[in-house]
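Residues per chain, in single letters:
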Amino acid sequence: MQAKIRQKEYQDKEKEIQNIEIERGSKEKETQPKQKETQSEHKETKSKRQEIIDGLKAAVPIIFGYFPIGMAFGVLAAQEGLTRWEVFFMSLLVFAGSAQFIAVGMLAAGVSVAAIVFTTFLVNARHILMSAALGPYFKGFSPKTLFLLGIGVTDEAFAVDMAEVKNRPRSADFFLALHFTAQFFWVFSTVIGAVVGNLVPDPQSFGLHFALPAMFIGLLLMQIKAQREVVLALLAGALSIGLVYLLPGKWNIILAAVLTATIGVILEKWKVKSSSSL
Amino acid sequence: MESKVLVLIIGMMLVTYLPRVLPLVVLSQVKIPPLVLSWLGYIPVAVLAALLAPELLLQENKLALSADNPALWAALPALLVAWRTKNLFYTVLVGMVAMVVFTHFLA
């Protein structure tokens, strides 16, 4: 039963996306008298401003979460010998919290650049799945907008995006404002951390190393709406840990996610079948 | 900037941004079958749980299910706050404070 409702939700969502597409298309084709055009233009800029403001607001909880994590990264990176500029450029150009932590640790351990880059790929391969999940909601955005939005698909931005698109359709301005505000504060907080890095004797005594796991707890709980998702979360966690023992490297996260989503779909199909045969 | 670090940053940038950008560009252009759409719908919960579990339960790649693992204890108030408030800031703050308290308590 639940599965049926869920499926219907998905179908509705798809329709919704198509409707937005149609609306966008018709807006472009419409040939209106000049006066009306300026009126609608005015309305559009007003709503554009509102979307940007809403995007900034949606970024606030991410910023608060990023601050301790970014500080922790900056402190750690400074202690491992990275300069402030290196921290700045890494945060700006890589913008991936957990991968940056791992990379600095490996760099300090003298691991080769190629090995660090490959590990980064594995750690961030989960973003392939996240971008793929967001794609259907970003229909009709220009390639340039999609490129700019893609850069900011972090775990945090993705979780907030997903929670938002499930509530209401949003324009690209909303997501652009959200992603780039988050990125700005990520860079800012890591540089602050690098600057004060040598003043903090023991970052662990501030609980900084628990900022990232705590963030994941918050993000995960934002996604859980039904009992089935609790079950799947437990399954993904167990698989992720089990795979650490089976495979070297950092394959566990992406493999656990792929397996869990597949099992989720199978359970859904199986429930629909068993309830329709009753 | 040290050239090794520069090369590293550029390499990391490519393997981070390409996987984020390409699926977004491709999958927003094509019509996705409902089955794939529902598969993608499970991705948020699956990825986040797969990220979180090792952070709490592993210490240096070994399962640490014992009572003296402070991350396990600190996760409890964080989970409670996340569940009740759905607020990222409070969750991170409570998690960090709990971590300090439990690390101190268990040491």
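Residues numbered from 1 in each chain as written. Chains lettered and ligands numbered in written order. Predicted model: local features only at pLDDT ≥ 70, side-chain atom pairs only at ≥ 80, totals over all residues. Heavy atoms only, no water.

Trainee: Now, about the confidence of the model for chain A: what can you tell me, with residues and values included?
Mentor: Residue and element names in this part refer to chain A. Summarising the model, chain A shows a mean pLDDT of 82, and 81% of its residues fall at 70 or more. No element of chain A has a lower mean pLDDT than helix 1 (residues 2–29), at 49, and none a higher one than helix 3 (residues 84–93), at 96. Within the model, pLDDT remains below 50 along residues 20–39, and this stretch shows 9 contacts once partners closer than five positions in the same chain are excluded. (pLDDT = per-residue confidence, 0-100. Helix = DSSP H or I, 4+ residues; strand = E, 2+ residues; numbered from the N terminus. Contact = heavy atoms within 4.5 Å.)

Trainee: Please give an account of the interface of chain A and chain B that cites residues and values.
Mentor: The partner chain B presents 67 residues to the 97 residues of chain A that form the contact. Here chain A meets chain B over a buried area of about 7400 Å², counting both sides, of which 79% is carbon and sulfur. Between the two partners, chain A and chain B, sit 0 salt bridges. Between chain A and chain B we count 16 residue pairs in polar contact (both at pLDDT 80 or more) in total. Looking at the side of chain A that touches chain B element by element, the count peaks at 13 residues for helix 10 (residues 211–223) of chain A. (Buried area = accessible area lost by both parts, 1.4 Å probe. Salt bridge = Lys/Arg side-chain N within 4 Å of Asp/Glu carboxyl O. Polar contact = N/O pair within 3.5 Å; in protein donor to acceptor, adjacent residues only side chain to side chain.)

Trainee: Please provide a residue-by-residue account of helix 4 (residues 97–108) of chain A, values included.
Mentor: What sets the pattern is the α-helix's 3.6 residues per turn: residues three or four places apart point alike. Residues and elements named next belong to chain A. For helix 4, spanning 12 residues, the distance from its first C-alpha to its last is 17 Å, which sits close to the expected 16 Å at 1.5 Å a residue. Of all the positions in helix 4, only Gly97, Ser98, Ala99, Gln100, Ala103, Val104, Met106 and Leu107 are classed as buried. Phi turns positive, to about 80°, at Gly110, one or two residues after helix 4. (Expected span 1.5 Å × (residues − 1). Buried < 20%, exposed > 50% of the residue type's maximum accessible area, 1.4 Å probe, protein only.)

Trainee: Requested: an account of the pattern of salt bridges, with residues and values cited.
Mentor: Residues and elements named next belong to chain A. Scanning the entire structure with this criterion turns up 6 salt bridges over all chains. Between Arg168 and Glu164 there is a salt bridge whose closest N-O contact spans 3.2 Å. Glu164 serves as the salt-bridge partner of Arg170, at 2.9 Å between the closest nitrogen and oxygen. Considered together, Arg170 and Glu164 belong to a single accessibility category, that of buried residues. One network of salt bridges, in which partners are shared, links Glu51, Asp54, Glu164, Arg168 and Arg170.

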